[in-house]
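Remarks on the overall topology
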Amino acid sequence: MNAPLLQVDDVSRRFGGLAAVSNVSFEVGRGEIVGLIGPNGAGKSTLFNLIAGALPPSSGRILFEGEDVTALAAPDRCRRGIGRTFQVVKSFDSMSVLDNVVVGALVRHPHAAAARRKAAEVLDFAGLAPRAASPAGDLTPPEKRRLEVARALATEPKLLLLDEVMTGLTPAEAQKGVELVRKVRETGVTVLMVEHVMEIVMPLVDRAFVLHLGRELAHGKPADVAADPGVISAYLGDRRRAS
Amino acid sequence: MASQALSAPLAATTAAHDGRRRRELIAFAILLAAFAVLPHLVKDVYAQNVIVLTLMYAALSQSWNILGGYCGQISLGHALYFGTGAYATSLLYTKFGVIPWFGMIVGGVIAAAIALVLGYQLFRLAGHYFAIATIVIAEAGLLLVHNWDWAGAATGIQWPFVPDSWLTFQFGRDKLPYIYFALGLFAATWLVTFAIEGSRWGYWWRAVKDNADAAESLGVKIFKSKMAAAAVSAFFTAVGGAFYACFVQYIDPDSVMAFKFSLLMALPAVLGGIGTLWGPVVGAVILIPLMETTSSYLGGTGRGIDLIVYGLLVMVVALARPEGIVSLFSRRKAPKA
């Protein structure tokens, strides 16, 4: 069990002539919160899809708990313990909030009654209890983001991939989101999060990995990464000048 | 968070869910009882005919709804499975003397097998392309049977006249046995749908319908889900087709495999509420008597007018209440949420 939870080993993904992700390698250890950051078009979401199994890599390997999962499709990776959210929320809008989460819970609880029970616990944990009976389509955008997290948590993941869950939230809502992520980590779940809003990611994560034009630009402690001249010019530079 | 107590709103939601399931079963029992009594009050043969057809289409539409409504795979080629059931039963009975009870099961199994073979190819297609492919394949099936001499080709198959018997499921004048069988078939499809709704398959299929990418990320196997829904749906559709053959005692390709039947299976569900437990039966109870009366008033001259009538009906529902008629009832309870 000494292998890191997730190892991304020299992974590339091309779309036709465009190299969205090129020779990226990094690791995520158990219990960490790792931030995956980078400007728009850096390849963050593609890398996420490669890890979750929504896309196959053009080359390279993905290892989970030391085992090669590169050939596994998304549902099987979910079974292994990789849960994810989507940048553009994908709720099941014809179903109630509770039923949305039940779908996730069924992976580990084949009996619907047990899955409903599990889903209800997760909704309590995620702070969505008052909305449990509402159709998912009626939720506000921040609630929908919360539902995405709850649904992924219901699959009882070892690694939770959060794709821009704070985007579009007000500072107060984002603060609640940060609290939820911290609470998730306390239950023993490892978190890898793509985030745009630097002010939110940097205090939250243990390590940051910066992607730029599909390649690794820097990685390390948030403070070191934020001070890296390459990162500043590629990403933080504009923001510093603006503020 | 192993088994701590749930918060009040969630405990209430969970209890409400169990209560709703119980009430649905009670409502279903009342509906069955009403249909069981109805033919004893309405003795007119023509009216009893309409009851048979209404129950049959309620069952067929409920079967169609399993794939089209719950799993979101809109098939407009279910006439293929209907015809498979009708032809399997008729051929086994007239050529080999196999009783229709057995033929029904054989027809259902063959139809499910066909659905799996077709699904293996067709479930690569999404949305409209899937629907179009189902139409084309059902039409191809119709043409094949048209030219299949051993199965009577375009002339069809006439069942021999035999004395009334439960064994051969043949009754010359008495409609009651057919009403009860159709009621039983409807009950079976309703109960299967009810069970599916409460099981993991129901959750998976609705998830596949709403958002396939999200479903996959939650461990749902999309292809397997669609295949399972297609097989269950085709099986019951074929049993319905087998029943229809027993009922009319004469079939030809156009009377069991025409495109019209594919529409007639989809329409009640669409009208009543697609992907709902009660939609198909509500739709059938409105649509089928309406269709039967319009086509009998208009007689042979009005061929196709009945189709225009429910085309209009569907347009009205699509504009005024796209969720179907049953959503009128659920809307009333909604504000508390």
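Conventions we followed
- Residues numbered from 1 in each chain as written.
- Chains lettered and ligands numbered in written order.
- Predicted model: local features only at pLDDT ≥ 70, side-chain atom pairs only at ≥ 80, totals over all residues.
- Heavy atoms only, no water.
- Helix = DSSP H or I, 4+ residues; strand = E, 2+ residues; numbered from the N terminus.
- Rg over C-alpha atoms; globule rule 2.2 N^0.38 Å.
- Buried < 20%, exposed > 50% of the residue type's maximum accessible area, 1.4 Å probe, protein only.
- Contact = heavy atoms within 4.5 Å.
- Areas by Shrake-Rupley, 256 points an atom, 1.4 Å probe, with all protein chains shown as cover.
- Lys, Arg positive; Asp, Glu negative; His and termini not counted.
- Charge placed at Lys NZ, Arg CZ, Asp CG, Glu CD.
- Pairing = 2+ DSSP bridges.
- Axes fitted to C-alpha atoms, helices over the stretch in contact; angles between N-to-C directions.
- UniProt positions renumbered as here; feature names shortened; annotations may be inferred.
- Phe/Tyr/Trp six-rings, centres within 6.5 Å; stacked < 30°, edge-to-face > 60°.
- Lys NZ or Arg CZ within 6 Å of the ring centre and 35° of its normal.
- 1 Å grid on protein atoms, 1.4 Å probe; cavity = no way out; pocket = protein on both sides within 12 Å on 5 of 7 lines; lining within 4 Å.
- Points joined across faces, edges and corners; volume = space filled by probe spheres on them.
- Nonpolar A, V, L, I, M, F, W, Y, C, P; charged D, E, K, R; others polar.
- Polar contact = N/O pair within 3.5 Å; in protein donor to acceptor, adjacent residues only side chain to side chain.
- pLDDT = per-residue confidence, 0-100.

Further remarks concern the overall build of chain B. Looking only at helices and strands, chain B features 14 helices and 2 strands. In summary, chain B has a C-alpha radius of gyration of 21 Å against a globular reference of 20 Å for 337 residues, a match within 12%. Each of the 337 residues in chain B was classed as buried or not, and the buried ones make up 52%. Taking as baseline every contact in chain B between residues at least 6 positions apart, the subset at least 24 positions apart corresponds to 78%. Total accessible area computed for chain B in this model is approximately 14,900 Å², and 70% of it derives from carbon and sulfur atoms. Separation of charge centres in chain B, based on 22 positive and 16 negative side chains, amounts to 9 Å.

This next bit is on the overall build of chain A. When helices and strands are counted, chain A shows 9 helices and 10 strands. C-alpha atoms of chain A, sized along the principal axes, occupy 50 × 45 × 35 Å. Within the span of chain A, comprising 243 residues, buried residues form 58% of the whole. Put simply, 66% of the contacts in chain A that link residues at least 6 apart link residues at least 24 apart. Considering chain A, the positive charge centre built from 30 side chains and the negative charge centre built from 28 side chains are found 2 Å apart.

Moving on to the sheet that holds strand β8 (residues 190-194) of chain A. Residue and element names in this part refer to chain A. Reading across from one edge, β6-β7-β8-β3-β9-β10 is the order of the 6 strands in this open sheet, with mixed pairing throughout. The strands lining the two open edges of the sheet, one partner per strand, are β6 (82-84) and β10 (215-220). With strand direction ignored, the average angle separating the axes of adjacent strands in the sheet is 20°. Both strand β3 (residues 33-37) and strand β9 (residues 207-212) contribute to a ladder of 4 bridges, which runs parallel. Among the inter-strand pairings, Leu 36 is bridged to a residue of β9, identified as Phe 209. Taken strand by strand, helix α1 (residues 44-52) contacts β3, β6, β7 (159-163), β8 and β9, and its axis lies near 150° from that of β7. Across the sheet, helix α6 (residues 171-186) touches β3, β7 and β8, and the angle it forms with β8 is around 150°.

A positive phi is found at Asn 23 of chain A, a non-glycine position, where the angle reads about 45°. Tracing the backbone through its elements, the reader meets Asn 23 of chain A in strand β2 (residues 18-28). By relative accessible area, Asn 23 of chain A is classed as partly exposed at 43%. Phi at Ala 153 of chain B takes a positive value of approximately 45°, unusual for a residue other than glycine.

Let us now look at the sheet that holds strand β1 (residues 6-15) of chain A. All names here are of chain A. The strand order across the open sheet built from 4 strands is β2-β1-β4-β5, with neighbouring strands paired in antiparallel fashion. In this open sheet, the two strands that pair with only one neighbour each are β2 and β5 (67-68). One ladder, built from 7 bridges, connects β1 with β2; its direction is antiparallel. Opposite Val 11, over in β2, you have Val 24 as the bridge partner.

Further remarks concern the UniProt feature "transmembrane region" (unreviewed entry) in chain B. Residues and elements named next belong to chain B. In the numbering used here, UniProt assigns the "transmembrane region" (unreviewed entry) feature to residues 25-42, 101-120, 126-145, 178-196, 227-251, 263-288 and 308-329. Summarising residues 101-120: 100% helix, 0% strand, and an end-to-end C-alpha distance of 29 Å. Its end C-alpha atoms 27 Å apart, residues 178-196 is made of 100% helix and 0% strand.

The subject of this paragraph is the packing of aromatic side chains. Enumeration over the complete set of coordinates arrives at 29 aromatic pairs over all chains. Seen in terms of ring centroids, Phe 123 of chain B and Phe 130 of chain B are 5.3 Å apart; in terms of plane orientation they differ by 15°. Their pairing is stacked. We note that Phe 123 of chain B, like Phe 130 of chain B, is buried. Plain terms: the ring middles of Trp 190 of chain B and Trp 278 of chain B are 5.1 Å apart, the flat faces sit at 50° to each other, and that makes the pair tilted. Of this pair, Trp 190 of chain B sits in helix α6 (residues 176-198) while Trp 278 of chain B sits in the loop between α11 (259-272) and α12 (279-298); the two residues are 88 residues apart in sequence, bridging distant segments of the chain. Residues Trp 190 of chain B and Trp 278 of chain B agree in their burial class; the two are buried. Here the basic side chain of Arg 151 of chain A rests over the ring of Phe 92 of chain A, its NZ or CZ set 4.6 Å away from the ring centre. When the ring centre of Phe 194 of chain B is taken as origin, the NZ or CZ atom of Arg 21 of chain B, which lies over that ring, is 3.8 Å away.

The subject of this paragraph is empty space enclosed by the protein. Residue and element names in this part refer to chain B. In this structure the tally under the stated criterion is 1 cavity of 30 Å³ or more. In this model, the largest cavity occupies a volume close to 130 Å³. The wall of the largest cavity is formed by 16 residues, among which Tyr 81, Leu 118, Leu 122, Phe 130 and Thr 134 lie closest to the centre. Among the residues forming the lining of the largest cavity, the class breakdown is 11 nonpolar, 5 polar and no charged.

We now examine the side chain of Ser 217 of chain B. With respect to the element layout, Ser 217 of chain B can be found in helix α8 (residues 212-217). Judged by its relative accessible area of 6%, Ser 217 of chain B is buried. Here the side chain of Ser 217 of chain B touches Ala 214 of chain B through a polar contact of 2.8 Å, landing on its backbone oxygen. Apart from the residues lying within four places of it in its own chain, the contact partners of Ser 217 of chain B are Cys 78, Arg 84 and Phe 86 of chain A.

Before going further, it helps to examine the confidence of the model for chain B. Residues at a pLDDT of 70 or more form 94% of chain B, whose mean pLDDT is 88. Note on residues 331-337 of chain B: pLDDT under 50 across the span, and 2 contacts to partners over four residues away in sequence or across chains.

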